[in-house]
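Single-letter residue listing:
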Amino acid sequence: MANTFRSQFMNIHLNNPVKYGLLAAAASLFIISMVILGWQICIYCKRKTGKGTKAKKDDGETGPKKQYTEKSSLSTSSNSIDFLSISDEEEYLCIGKHDYKTQKLQEGMEKLNYYLQSNATDKLRWIQKRGNLVTDSMVYVAGKITFSLSYDNKQAQLHLTVAGASDLPGRIVSQSVDPFVRIKLMSSVQSEESTHQFILHQWNTKVVKNTRNPSFGEQFTCSIETHVLRKTTLKLEVWNVDKYSRRDILGEVRTSFSALNLSDTLKFCEELQKPQKDTVGEILVSLRYLPTAQRLEAGLLKVKSACLISNLNIGIYTRIDFYVNQRKQKHQKTSTKTKSAMTVFNEVISFTVGDSAINHSMIIISVYETSFSKDGERHLVGRAYVGRKKSREDDHWLSMLQCLRRPVAKWHPLLI
């Protein structure tokens, strides 16, 4: 039966008008499909051409900053950005739209907050902070700190009492802070080339929660000879700790013992001043960039620091934090060496970085002092900053980019 139906269907004859009608319909459908296909191809080509033109335009604007040849450097003094005169638009391109707007809003609110809290407009200070990178504006500090000093000549002991602080700048929302005071007894060692500071003793007070007028009432005592005390400077730093354990310095006070008569107890109520960095040593760093391998090699050669006596139980090591566009990417550290006036490391640490990112990179070299005992604690000796900083690119970084594949060594100060 099926075969009979198939044979009858195959024997159906269509007249000419029907055949021509079916052929015209098929041709119409084919033409419509081709028109639609051509329209879609046209739209795709327009989008692709628009993206290519935009990318070419961006490359033309930023090409001198990102591209390089073997005969020229990756970044020279003629094509590098001077961060001292960087515009908001350029900084926007570096740190991203969201981060830029958030940061600008926070900075504006902090600045307004300090203005409202200050008794006079000429006593305003504004600290801008990005992660581990801290830069201070050219303004003043609000707040005071109260402390007292006395010295026992018979026992050669210095007594310091930190009473409290007042009128500290508060947070934007709660108008309060969680402050503590870091105390440093600092002396200096002079050499033929430079003068380096070093810390004799260091303490921290307790953290007082949610107050702009903290009361500490803590006493600290240390043994120190009279002739050493006369060359010593007391440094009191007021810090704030937020709920994420991030620390911001609010200000500092320095007092020199050279002109003080400590036969009786002396009381002080000093206004906080703008924090200043102290040079505690130097570090010899070698930099080399390999563009083909896209590798940055940082050689830590020597560390020069003040060391009064040799102690085989005290060691130092260095840690390098690598940043791109002010965002931390990776960190590595060296082995621990016995501390001396000139500690030799001769170790190389490598980071992977592309050609487009090398002009926006920097490294922070931190030197830590630690004890070889099992329960030994570490503390920061000083830091050196190499690379593209917020304000500029340093000479060492530019020299490395101008001398590809060749190591370039330079001494850098260790700051604290």
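Residues numbered from 1 in each chain as written. Predicted model: local features only at pLDDT ≥ 70, side-chain atom pairs only at ≥ 80, totals over all residues. Heavy atoms only, no water.

Caption draft 1: Focus on the overall build of the chain. Helix and strand counts for the chain stand at seven helices and 19 strands. The 416 residues of the chain split such that 39% are buried. Taking the contacts inside the chain whose residues are at least 6 apart along the sequence as the reference set, 64% of them involve residues at least 24 apart. (Helix = DSSP H or I, 4+ residues; strand = E, 2+ residues; numbered from the N terminus. Buried < 20%, exposed > 50% of the residue type's maximum accessible area, 1.4 Å probe, protein only. Contact = heavy atoms within 4.5 Å.)

Caption draft 2: Fine view of the state of the cysteines. Tallied over the full model, the rule gives zero disulfides. The closest cysteine sulfur to the non-disulfide-bonded Cys-45 is located on Cys-42, 6.9 Å from its own sulfur. A relative accessible area of 39% places Cys-45 in the partly exposed class. (Disulfide = S-S within 2.5 Å.)

Caption draft 3: Expanded view of the pattern of salt bridges. A full pass over the atoms with the stated rule returns 12 salt bridges. A salt bridge links Glu-369 to Lys-339; the shortest N-O distance between them is 2.5 Å. Of this pair, Glu-369 sits in strand β17 (residues 361-371) while Lys-339 sits in the loop between β15 (337-338) and β16 (342-352); the two residues are 30 residues apart in sequence, bridging distant segments of the chain. Comparing Glu-369 with Lys-339, the two get one shared label, buried. (Salt bridge = Lys/Arg side-chain N within 4 Å of Asp/Glu carboxyl O.)

Caption draft 4: Main features of the sheet that holds strand β6 (residues 195-204). Within the open sheet, the four strands sit side by side as β6-β5-β8-β9. Their pairing is antiparallel. Looking at which strands have only one partner, the edges of the open sheet turn out to be β6 and β9 (247-256). Each neighbouring strand pair of the sheet contributes to a mean axis angle of 25°, computed without reference to strand direction. (Pairing = 2+ DSSP bridges. Axes fitted to C-alpha atoms, helices over the stretch in contact; angles between N-to-C directions.)

Caption draft 5: How the structure looks around the environment of Lys-274. Tracing the sequence through the fold places Lys-274 in the loop between β10 (266-271) and β11 (279-290). Taking the C-alpha atoms as reference points, Lys-274 and Glu-252, 22 residues apart in sequence, are found 6.5 Å from one another.

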